[in-house]
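Structural characterization, general
Listed below, chain by chain, are the residues.
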Amino acid sequence: METRTVSAARVYDYINVACVDHESARNVVCGAALFVSGSMGNFRFHQYQVVGRALPTETEEHPKIYRMKLWATNEVRAKSKFWYFLRKLKKVKKSNGQVLAINEIFERKPTKIKNYGVWLRYQSRTGYHNMYKEYRDTTLNGAVEQMYNEMASRHRVRQHCIQIIKTATIPSKLCKRESTKQFHDSKIKFPLVFKKVRPPSRKLKTTYKASRPNLFK
Amino acid sequence: MLQPFKRYVEIGRVAFVTYGKEYGRLVVIVDVIDQNRALVDSPEMVRGQINFKRLSLTDIKIDIPRVPKKKTLIDAMETADVKNKWENSSWGRKLIVQKRRASLNDFDRFKVMLAKIKRGGAIRQELAKLKKADVA
């Protein structure tokens with residue numbers, strides 16, 4: 001009776017399958033404990049690295065191990081997505097495969113503003129299309145969340161109809177979209193044209209106000 | 001030259017946080033992420049992003065390069081004397097008074113009541129004197 005031990009040391013033929021991120025592939029858990037509200041908010045989509053392979057059989061003792069980086073709301077969904085994509089690429093299913101590792105990938109430098117390019121494939125009412133979108137954000141998860149929101153609002157495409165092909169941080173020179181390029185200005189300056197008067201907490205909200213609010217400045 | 005806007009979102013602009021967990025904090029806009037968000041920093045907090053809807057721009061602006069190191073930021077804030085400028089500005093003074101009033105205990109409020117009565121009395125005395133002088 002052979003014991004099937006899959007230790008981290010015995011990783012043969014480590015092949016990246018789709019969703020290869022051009023950023024660092026290492027899992028870095030954000031160490032700093034004191035994060036202020038703002039940057040590291042609660043992301044709807046988390047980035048996971050899922051590693052899996054087919055189960056070893058008599059004919060194939062050491063099947064190839066595949067790794068995928070994908071976005072999902074939780075780990076369970078991430079594993080499910082992993083098998084979905086792997087099934088389309090290799091002859092392996094969840095029933096005859098095993099997930100070896102699943103780790104969440106965190107942002108390396110969440111205080112640095114980056115330009116993210118997202119390549120995606122989505123299903124519209126008439127067929128499948130590819131798209132390339134650019135976002136400016138501090139974290140990749142934030143950019144992906146922006147992407148899902150934008151696709152839903154602009155194209156009425158829901159989350160399950162979107163497949164992220166690739167994401168990458170783009171240096172400012174290579175950005176294609178004017179809406180991201182307009183912020184590549186080291187002396188950026190603009191006024192806030194409309195000031196919405198808001199009570200500092202929802203508890204202090206009132207229907208009627210004593211005086212007209214000052215919307216200017 | 002009359003400019004319609006006096007306070008701009010720019011690198012180095014000091015802003016006041018008006019909503020959320022960071023309410024009441026003075027932060028410096030360190031970079032602009034996009035149309036709605038800025039990267040802000042402050043000596044006591046980790047650099048983070050914040051929506052412009054949660055900020056109120058002030059008149060104070062400091063001279064910093066884009067996204068400076070924490071130490072550079074603190075030094076720039078010292079040279080520009082942000083803290084004193086803020087506390088001497090009418091906005092800053094109002095906030096200090098509000099905070100003081102909110103932190104009064106019952107005895108303090110009693111003292112305030114007596115002080116108000118005394119002040120009112122003094123004003124009315126002066127007014128009476130002036131009225132008398134007017135009549136005469």
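Further up the page is the structure itself.
Residues numbered from 1 in each chain as written. Chains lettered and ligands numbered in written order. Predicted model: local features only at pLDDT ≥ 70, side-chain atom pairs only at ≥ 80, totals over all residues. Heavy atoms only, no water.

Some thoughts on the sheet that holds strand β6 (residues 128–137) of chain A
Residues and elements named next belong to chain A. What counts, and what does not: Whether two strands pair depends on DSSP finding at least two bridges between them. Here a strand is any run of E in DSSP of at least two residues, a helix any run of H or I of at least four, and the numbering for each starts at the N terminus. Each axis is a line fitted through C-alpha atoms, taken for helices only over the stretch in contact, and angles between the N-to-C directions span 0 to 180 degrees.
Spatial ordering of the open sheet is given by β6-β5-β7, a layout of three strands whose pairing is antiparallel. Edge strands, defined here as strands with exactly one partner in the open sheet, are β6 and β7 (162–170). Neighbour-to-neighbour, the strand axes of the sheet open up by a mean angle of 20°, direction not taken into account. As defined by bridge partners, strand β5 (residues 114–123) adjoins β7 across eight bridges and the pair is classed as antiparallel.

Notes on the interface of chain B and chain A
For the record, the criterion: Two residues form a contact once any of their heavy atoms are found within 4.5 Å. Note on definitions: salt bridges are taken to be side-chain nitrogens of Lys or Arg within 4 Å of carboxyl oxygens of Asp or Glu. Whenever a nitrogen or oxygen atom comes within 3.5 Å of another N or O atom, the pair is scored as a polar contact, on the condition that within protein one atom can donate a hydrogen and the other can accept it, and that pairs from neighbouring residues in sequence are kept only if both atoms are in side chains. Charged means Asp, Glu, Lys or Arg here, nonpolar means Ala, Val, Leu, Ile, Met, Phe, Trp, Tyr, Cys or Pro, and polar covers whatever is left, Gly included.
Chain B puts 30 residues into the contact, and the matching count from chain A is 27 residues. In this assembly, chain B and chain A are joined by one salt bridge. The partner of A:Asp137 in a salt bridge is B:Arg37, and the shortest N-O contact between them spans 3.4 Å. Viewed at the interface, chain A and chain B are joined by eight residue pairs in polar contact (both at pLDDT 80 or more). Within the residue set of the side of chain B that touches chain A, elements represented by two or more residues are β1 (8–10), β3 (26–32), β4 (37–42) and β5 (45–51) of chain B. Of the residues in the side of chain B that touches chain A, the class split is 14 nonpolar, five polar and eleven charged.

Topic: the nonpolar core
Generally speaking, soluble globular proteins have nonpolar side chains that are buried together. To keep things clear, this is the line we draw: Nine residue types can take part in a nonpolar core, namely buried Ala, Val, Leu, Ile, Met, Phe, Trp, Tyr and Cys, and a core is a set of them joined through side-chain atoms within 4.5 Å. Burial classes: relative accessible area under 20% of the type maximum marks a residue as buried, over 50% as exposed, and values in between as partly exposed (1.4 Å probe, protein chains only).
Counting 19 residues, the largest nonpolar core has B:Val14, B:Val28, B:Ile62, B:Ile64 and B:Val82 as its most contacted members. Those elements giving two or more residues to this core turn out to be β2 (13–17), β3, α1 (70–80) and α2 (82–88) of chain B. For this core, the element with the most residues is α1(B), which contributes four residues. Excluding residues within four positions of it along the chain, B:Val82 makes contact with B:Val14, B:Leu26, B:Ile60, B:Ile62 and B:Met77. One finds A:Tyr122, A:Ala143, A:Met151 and A:Cys161 within the second-largest nonpolar core, a separate group that totals 18 residues.

Concerning a positive patch on the surface
Rules: In this scheme, patches are assembled from residues that exceed 30% relative accessible area and form no salt bridge. Like charges are connected within 9 Å, while nonpolar side chains (Val, Leu, Ile, Met, Phe, Trp, Tyr) are connected within 5 Å. To measure how exposed things are, a 1.4 Å probe is used in the Shrake-Rupley method; for residues, cover is taken only from the protein chains shown. We count Lys and Arg on the positive side and Asp and Glu on the negative side, and we leave His and both chain ends out. Lysine's charge is taken at NZ, arginine's at CZ, aspartate's at CG and glutamate's at CD.
Taken together, the side chains of A:Arg87, A:Lys88, A:Lys91, A:Lys93 and A:Arg121 present a region of like positive charge at the surface. The residue A:Lys93 is located in the loop between α1 (75–89) and β4 (97–105) in this model.

Re the environment of B:Thr18
Tracing the sequence through the fold places B:Thr18 in the loop between β2 and β3. When the C-alpha atoms of B:Thr18 and B:Pro68 are compared, they prove to be 24 Å apart, with 50 residues separating the residues in sequence.

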